[in-house]
Amino acid sequence: MAAPRTARPLAYALWGGACGALLAWIGVKASLAGLNSDAAIYLLLADALSPWRTNDAGFALDLFGRYPFPPLYPALLALLGGGSAAPAWNLALDAALQAGGSVAALAWARRAGATWPLALVASALLAVAPVALFTAMGVFSEPLYLALSFAAFALVAMPNPDARAWRAAAAL
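Values in this document were obtained by computation on a predicted structure and should not be read as measured data. (Residues numbered from 1 in each chain as written. Predicted model: local features only at pLDDT ≥ 70, side-chain atom pairs only at ≥ 80, totals over all residues. Heavy atoms only, no water.)

Engineer: Account for the environment of Leu 118, with residues named and values stated.
Structural biologist: Secondary-structure assignment places Leu 118 in helix H6 (residues 116-128). Its relative accessible area of 54% is what places Leu 118 among the exposed residues. Once the C-alpha coordinates of Leu 118 and Arg 167 are considered, the two residues, 49 residues apart in sequence, prove to be 28 Å apart. (Helix = DSSP H or I, 4+ residues; strand = E, 2+ residues; numbered from the N terminus. Buried < 20%, exposed > 50% of the residue type's maximum accessible area, 1.4 Å probe, protein only.)

Engineer: Now, about the packing of helix H5 (residues 87-111) against H6: what can you tell me, with residues and values included?
Structural biologist: Between two packed helices, what matters for the description is the angle formed by their axes and the separation of those axes. Where H5 contacts H6, the two axes come as close as 9 Å, and the packing angle between them is 150 degrees. Here H5 lies roughly antiparallel to H6, going by the angle between them. Here H5 and H6 pass one another in a crossing that is right-handed. Contacts between H5 and H6 involve Gly 101, Ser 102, Val 103, Ala 105, Leu 106, Ala 109 and Arg 110 from the former and Trp 116, Ala 119, Leu 120, Ser 123, Leu 126 and Ala 127 from the latter. Of the residues contributing to the contact of H5 with H6, the split by class is nine nonpolar, three polar and one charged. (Axes fitted to C-alpha atoms, helices over the stretch in contact; angles between N-to-C directions. Parallel < 35°, antiparallel > 145°, perpendicular 65-115°, else oblique. Left-handed = near helix turned anticlockwise from the far one by under 90°. Contact = heavy atoms within 4.5 Å. Nonpolar A, V, L, I, M, F, W, Y, C, P; charged D, E, K, R; others polar.)

Engineer: Would you mind going over the environment of Ala 119 in detail, with residue names and values included?
Structural biologist: Position of Ala 119 among the secondary structure elements: in helix H6. Taking the C-alpha atoms as reference points, Ala 119 and Gly 17, separated by 102 residues in sequence, lie 17 Å from one another. Among residues more than four places away in sequence, those in contact with Ala 119 are Leu 106, Ala 109, Arg 110 and Ala 114.

Engineer: Would you mind going over the packing of aromatic side chains in detail, with residue names and values included?
Structural biologist: In total, this model carries eight aromatic pairs according to the counting rule given. Ring geometry for Trp 108 versus Phe 150: centroids 5.4 Å apart, planes at 40 degrees, classification tilted. Residue Trp 108 is located in helix H5, and its partner Phe 150 is located in helix H8 (residues 142-155); the two are separated by 42 residues in the primary sequence. Assessed through its relative accessible area of 33%, Trp 108 is described here as partly exposed. One aromatic cluster in this structure is built from Tyr 42, Tyr 67, Phe 69 and Tyr 73. (Phe/Tyr/Trp six-rings, centres within 6.5 Å; stacked < 30°, edge-to-face > 60°.)

Engineer: Explain the packing of helix H4 (residues 72-79) against H5 to me, using residue names and the numbers behind them.
Structural biologist: Between H4 and H5, the least distance of the axes is 11 Å, while the angle of their chain directions is 120 degrees. One element, H4, and the other, H5, form an angle in the oblique class. In this structure, the crossing between H4 and H5 has a hand that is right-handed. Every residue of H5 that contacts H4 at Tyr 73, Leu 76 and Leu 77 is listed here: Asn 90, Leu 93, Asp 94 and Leu 97. Residues of the contact of H4 with H5, tallied by class, amount to five nonpolar, one polar and one charged.

Engineer: Tell me about H8, and name the residues and values.
Structural biologist: Spanning 14 residues, H8 covers 20 Å between terminal C-alpha atoms, matching the ideal 20 Å at 1.5 Å per step. Looking at H8, one finds that the buried residues are Pro 143, Leu 144, Ala 147, Leu 148, Phe 150, Ala 152 and Ala 154. Those residues of H8 that are buried are in contact with H4, H5, H6, helix H7 (130-136) and helix H9 (163-171). (Expected span 1.5 Å × (residues − 1).)

So, to be careful, I would describe these as geometric facts and stop short of saying anything about function.
Listed below in structure tokens is the structure:
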């Protein structure tokens, strides 16, 4: 028997909350100690893009010129209050993004025809894979792109996706 349609969003939300809580418990700390070199650049880029901080346009242009990283992740950090002054917030945001990727993977598996138990196992393996646990302990752009990619896969994983689903997936 299929779950009622109203139970589905709750199940996804509960799964996202559980994944996010686990990843935050593993990764959120109050310092920037142990960050990789990309993380330092992402935090400086977020500082430069932040509407909440004063910044030097010349410094921002120099950063983007020297480090041609995709701008979406530091822009998201900047808009949501992340940056070098908010270590725990950056890590919590990454945990939430990574949990969102696990939820999107669950949705993709379900839309592709997997049963709930099988889809949950696949999503759980993604959430606790060694690379996911490693990523939870630092500031990385990968959780954002993982969440967007799995969300795009979920949008077109039905038998006959319409043009709107394909456009939305392409936008992601």
